[in-house]
Every structure is written in C-alpha cells, then in structure tokens.
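Residues per chain are reported as follows:
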Amino acid sequence: MRVLYFLTLLKLPEGNRLTPNLFGIYVAKLILELREKFSQLEFPEIQSIDDLNWIGDFLHVDDMVLIARLPSQLQEMINACQDWAERSRMRMNYDKTEVMMFYKSPLQKASW
C-alpha cells in the first residue's frame, strides 16, 4: 500500500470545533505508544470497569498533560513524545511546556 503525503498551508482557525477531534485522531498512535511503553504507570487505586486505568496523559483540545510518578519517567515520556513528533512531522511548543510536581510529604520532596 502506497501512502501519499501532501503539503497544506491552511490550518483551522483558532477555536474551531473540529480542532479537538482532529487532534485526537492525529495523536491516537502516540497515546497507544505511550500506553505500551509506560504500562507500569497504572494506578491500581483507581477502579475501572473497562481495564483502562492507565493514566499517563490527558488530552484537551490541542494540549497534552503527561503524568508520571518519577522525574526520570516524565523525561522518558517527553522524549517519546519528541520522537513521535519528529516522525509525525510536528513540533512541540517548548515555550508553552511546563512541569508541575506534587508531593505527598516534605520528605518525598527532599528525596527528589
């Protein structure tokens, strides 16, 4: 099967209703890759009836949130996203990239 690519110079206007759907379709392979590569990021305390308690990322419109238990895991996930972006001819916006860390206790914070 031959796949043809084409260049488009047009994009959807900001706030278009199709943007979240198209982004979700486009990044579906990335989500599957992350879930496969980081399967250990399951949260057993979350009960799920469909066995989909893997929580490694959330998507909203055209933004993504990555969730990890350790900084090293987060860096590996970011690297995996960068690899996917390069293969998919996309660019990550590093100016909008931020990191938030939550700690259970001051002792946990000191250990990182």
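What counts and how
- Residues numbered from 1 in each chain as written.
- Predicted model: local features only at pLDDT ≥ 70, side-chain atom pairs only at ≥ 80, totals over all residues.
- Heavy atoms only, no water.
- Core = buried A, V, L, I, M, F, W, Y, C linked by side-chain atoms within 4.5 Å.
- Buried < 20%, exposed > 50% of the residue type's maximum accessible area, 1.4 Å probe, protein only.
- Helix = DSSP H or I, 4+ residues; strand = E, 2+ residues; numbered from the N terminus.
- Contact = heavy atoms within 4.5 Å.
- pLDDT = per-residue confidence, 0-100.
- Expected span 1.5 Å × (residues − 1).
- Arc of directions from axis to C-beta.
- Patch = residues over 30% accessible without salt bridge, like charges linked within 9 Å, V, L, I, M, F, W, Y side chains within 5 Å.
- Areas by Shrake-Rupley, 256 points an atom, 1.4 Å probe, with all protein chains shown as cover.
- Salt bridge = Lys/Arg side-chain N within 4 Å of Asp/Glu carboxyl O.

This part takes up the nonpolar core. Core analysis: the biggest nonpolar cluster contains eleven residues, these being Phe23, Val27, Leu30, Leu34, Phe38, Leu41, Met77, Ala80, Cys81, Trp84 and Ala85. Mapped by element, the contributors of at least two residues to this core are helix 2 (28-37) and helix 3 (71-87). The element contributing the most residues to this core is helix 3, with five residues. Residues contacting Trp84, with those up to four places away along its chain left out, are Tyr26, Val27, Lys29, Leu30, Glu33 and Met90.

Another aspect to go through is the confidence of the model for the chain. Averaged over the chain, the pLDDT score is 76; the fraction of residues at 70 or greater is 72%. At the low end of the mean pLDDT range in the chain sits strand 1 (residues 57-60), at 69; at the high end sits helix 3, at 90.

To continue, consider helix 3. When the terminal C-alpha atoms of helix 3 are compared, their 24 Å separation across 17 residues agrees well with the 24 Å that a helix rising 1.5 Å per residue should span. Looking at helix 3, one finds that the buried residues are Gln73, Leu74, Met77, Ala80, Cys81, Trp84 and Ala85. The buried residues of helix 3 occupy an angular sector of 140° when projected down its axis, which confines them to one face. Across helix 3 from its buried face, at more than 90 degrees, point the exposed residues Glu86 and Arg87. Packed against the buried residues of helix 3 are helix 1 (19-26), helix 2 and strand 2 (63-66). Following helix 3 by one or two positions, Arg89 adopts a phi angle in the positive range, close to 60°.

Moving on, we come to unusual backbone geometry. Working note: non-glycine residues mostly have negative phi, and peptide bonds are mostly trans. Backbone geometry places Arg89, a non-glycine residue, at a positive phi of 60°. Relative to the helices and strands, Arg89 resides in the loop between helix 3 and helix 4 (106-111). Accessibility expressed as a relative area gives 61% for Arg89, which makes it exposed.

Residues Leu18, Leu22 and Ile25 make up a contiguous nonpolar surface patch of about 310 Å² in total accessible area. Considering the arrangement of structural elements, one finds Leu22 in helix 1. Using a relative accessible area of 43% as the deciding quantity, one classes Leu22 as partly exposed.

This paragraph deals with the environment of Glu76. For Glu76, the location among the structural elements is in helix 3. With 39 residues separating them in the primary sequence, Glu76 and Lys37 have C-alpha atoms 9.7 Å apart.

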